[in-house]
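# Close look at the chain arrangement
Each chain is listed here by its residues.
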Amino acid sequence: LRSRGIHNVFHASLLRIHEPNDDRLFPGRTDSQVLLSDEHTAGLEPEWAVDRILTHKGKARESVFQLQWRSGDKTWLPYREVSHLAPLKAYFDAVGINDIRSLP
């Protein structure tokens with residue numbers, strides 16, 4: 001802890017009882033919606049769970065894709081960061097192409 005700059009002693013008044021996530025206050029924030037489980041990552045670092053790819057901009061390997069996460073958020077990521085994701089294959093099937101070079 002000290003190497004990370006965290007003090008190893010805390011006053012008891014700073015401690016609180018753990019309360020699990022309240023889905024009414026923070027919907028869509030359960031671990032299964034945000035992180036892939038160990039069986040999906042096969043010993044790698046845990047990855048954020050992508051629900052599907054909505055659209056793209058650009059051509060071929062210079063494309064950026066709009067992802068919808070299982071938590072409901074939407075973000076844009078370049079091809080190099082989504083090339084390994086399973087939803088990319090589903091997106092290619094929906095667009096009617098086989099690989100990134102055919103992307104219109």
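Residues numbered from 1 in each chain as written. Predicted model: local features only at pLDDT ≥ 70, side-chain atom pairs only at ≥ 80, totals over all residues. Heavy atoms only, no water.

### Topic: the sheet that holds strand β1 (residues 50-57)
- If you walk across this open sheet you meet the three strands as β1-β2-β3, and the pairing is antiparallel. One side of each edge strand has no neighbouring strand; the edge strands of this open sheet are β1 and β3 (74-78). Between one strand axis and the next, the sheet turns by 30° as a mean value, whatever way the strands run.
- Here five bridges tie strand β2 (residues 64-69) to β3, and the two strands are oriented antiparallel to one another. Considered in β3, the bridge of Gln68 is made with Lys74. (Pairing = 2+ DSSP bridges. Helix = DSSP H or I, 4+ residues; strand = E, 2+ residues; numbered from the N terminus. Axes fitted to C-alpha atoms, helices over the stretch in contact; angles between N-to-C directions.)

### Let's talk about the pairing of β2
- Buried residues dominate β2, accounting for five of its six residues.
- Sheet analysis places β1 next to β2, joined by six bridges and oriented antiparallel. In the sheet register, Thr55 faces β2, and the bridge partner there is Gln66.
- Between β1 and β2, which pair antiparallel and follow one another directly, the connecting turn spans six residues, one of which, Gly58, has a positive phi of 95°.
- Counting the residues between successive antiparallel strands, the hairpin from β2 to β3 contains four residues, one of them, Gly72, with a positive phi of roughly 105°. (Buried < 20%, exposed > 50% of the residue type's maximum accessible area, 1.4 Å probe, protein only.)

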